[in-house]
Every structure is written in structure tokens, then in C-alpha cells.
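What follows is the residue order along each chain.
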Amino acid sequence: FLISAHNQNSTNPAMGIRLGTKKRGCNGLSYTLNYAYADHMEKHGRDEAMIIRLAESDMVGDGLMVYVEPMALMNVIGTTMDFEDDEMSSEFTFTNPNSKGECGCGESFNV
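Okay, so let's go over this structure. This is a predicted model, so every value here is computed, not measured.

What counts, and where the lines are drawn
Residues numbered from 1 in each chain as written. Predicted model: local features only at pLDDT ≥ 70, side-chain atom pairs only at ≥ 80, totals over all residues. Heavy atoms only, no water. Helix = DSSP H or I, 4+ residues; strand = E, 2+ residues; numbered from the N terminus. Buried < 20%, exposed > 50% of the residue type's maximum accessible area, 1.4 Å probe, protein only. Contact = heavy atoms within 4.5 Å. Phe/Tyr/Trp six-rings, centres within 6.5 Å; stacked < 30°, edge-to-face > 60°. Pairing = 2+ DSSP bridges. Salt bridge = Lys/Arg side-chain N within 4 Å of Asp/Glu carboxyl O.

### Digging into the environment of Gly-63
Stage number 1. Note on placement: Gly-63 falls in the loop between strand S3 (48-51) and strand S4 (65-68).
Stage number 2. Residue class for Gly-63 comes out partly exposed when judged on its relative accessible area of 36%.
Stage number 3. Separated by 12 residues in the primary sequence, Gly-63 and Ile-51 have C-alpha atoms spaced 5.6 Å apart.
Stage number 4. Look past the residues within four positions of Gly-63 in its chain and what remains in contact with it is Ile-51, Ile-52 and Arg-53.

### Overview of the environment of Leu-29
Stage number 1. In this structure, Leu-29 sits in strand S2 (residues 29-37).
Stage number 2. Judged by relative accessible area, Leu-29 falls into the buried class, the value being 13%.
Stage number 3. In sequence terms Leu-29 and Tyr-67 are 38 residues apart; their C-alpha atoms lie 18 Å from each other.
Stage number 4. If near-sequence neighbours (up to four positions away) are discounted, Leu-29 is found in contact with Thr-21, Lys-22, Lys-23, Arg-24, Asn-75, Glu-107, Ser-108, Phe-109 and Val-111.

### A short note on the packing of aromatic side chains
Stage number 1. Taken as a whole, this structure holds three aromatic pairs when the rule is applied.
Stage number 2. Plain terms: the ring middles of Tyr-31 and Phe-94 are 3.9 Å apart, the flat faces sit at 15° to each other, and that makes the pair stacked. Residue Tyr-31 is located in strand S2, and its partner Phe-94 is located in strand S6 (residues 90-95); the two are separated by 63 residues in the primary sequence. Accessibility assignment for this pair places Tyr-31 and Phe-94 in one class, buried.
Stage number 3. One aromatic cluster is present, built from ring pairs that chain together Tyr-31, Phe-94 and Phe-109.

### A look at the pairing of S4
Stage number 1. One ladder, built from four bridges, connects strand S1 (residues 14-23) with S4; its direction is parallel. Bridged to Arg-18 within S4 is Tyr-67.
Stage number 2. Both S3 and S4 contribute to a ladder of four bridges, which runs antiparallel. Each residue of the ladder has a partner; that of Ile-51, found in S4, is Met-65.

### Considerations on the pattern of salt bridges
Stage number 1. Summed over all chains, the structure comprises four salt bridges.
Stage number 2. For Asp-39, the salt bridge is made with Lys-43, and the minimal N-O distance between the two is 3.3 Å.
Stage number 3. The exposure class assigned to Asp-39 is partly exposed, which follows from its relative accessible area of 29%.
Stage number 4. The structure contains a network of salt bridges with shared partners spanning Arg-18, Asp-47 and Glu-69.

Spelled out as C-alpha cells, the structure:
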């Protein structure tokens, strides 16, 4: 859904998303999400790539290409990522079994 909305207004269409982590926040690490474009593997050849397959192929998100930055890989193994859209917010949420703790606002975590 987000990629198709992005592509409607872009001359460089996104092919997927790139997941990473950055050192920031009050607890050590936070997640980063960026669009991945057609030349992604040329620029980021060491990224791990996977295709999301859902129970039904007509569900939004089925076939989504996800790239994981090499430095983030060990921090996100086993992580479940979801997109929640309600009256208060629209956001990605992460359930990370490697996380040893999170800050009070939930923006950062440590492993």
C-alpha cells in the first residue's frame, strides 16, 4: 500500500523496502525503513533480500521485497514486522525476540 502510494507521485518507483538499525534514542538502537529502488542491489549488494509471502496472494503486502542491511541482520533475526493503521496513527511495529529492553516511548531498543 505505502509503496504504491509512493510510486504514484515519484519518477523513480520503489521496488521494496530496506530495513536497518541506527545507534540512537535513549536505549541504543532504533529501526530505519527506506524505500528500495530498482538499482538497490547494485548499490547495496551485501543486503539480505527476501520476499514476503502471505496466506492469501491478494492480501496487501504479499510479494513485498524486503532488504536487510548487513549491520542490522543480527539485531533483527526473528523480528516480526507489522503495519498498524488506526484512528490515532499509521506505523510499522516490531516484535523483536532479541530485544533486552526498550525506552519508555518505544522508539529505541537494546540487544
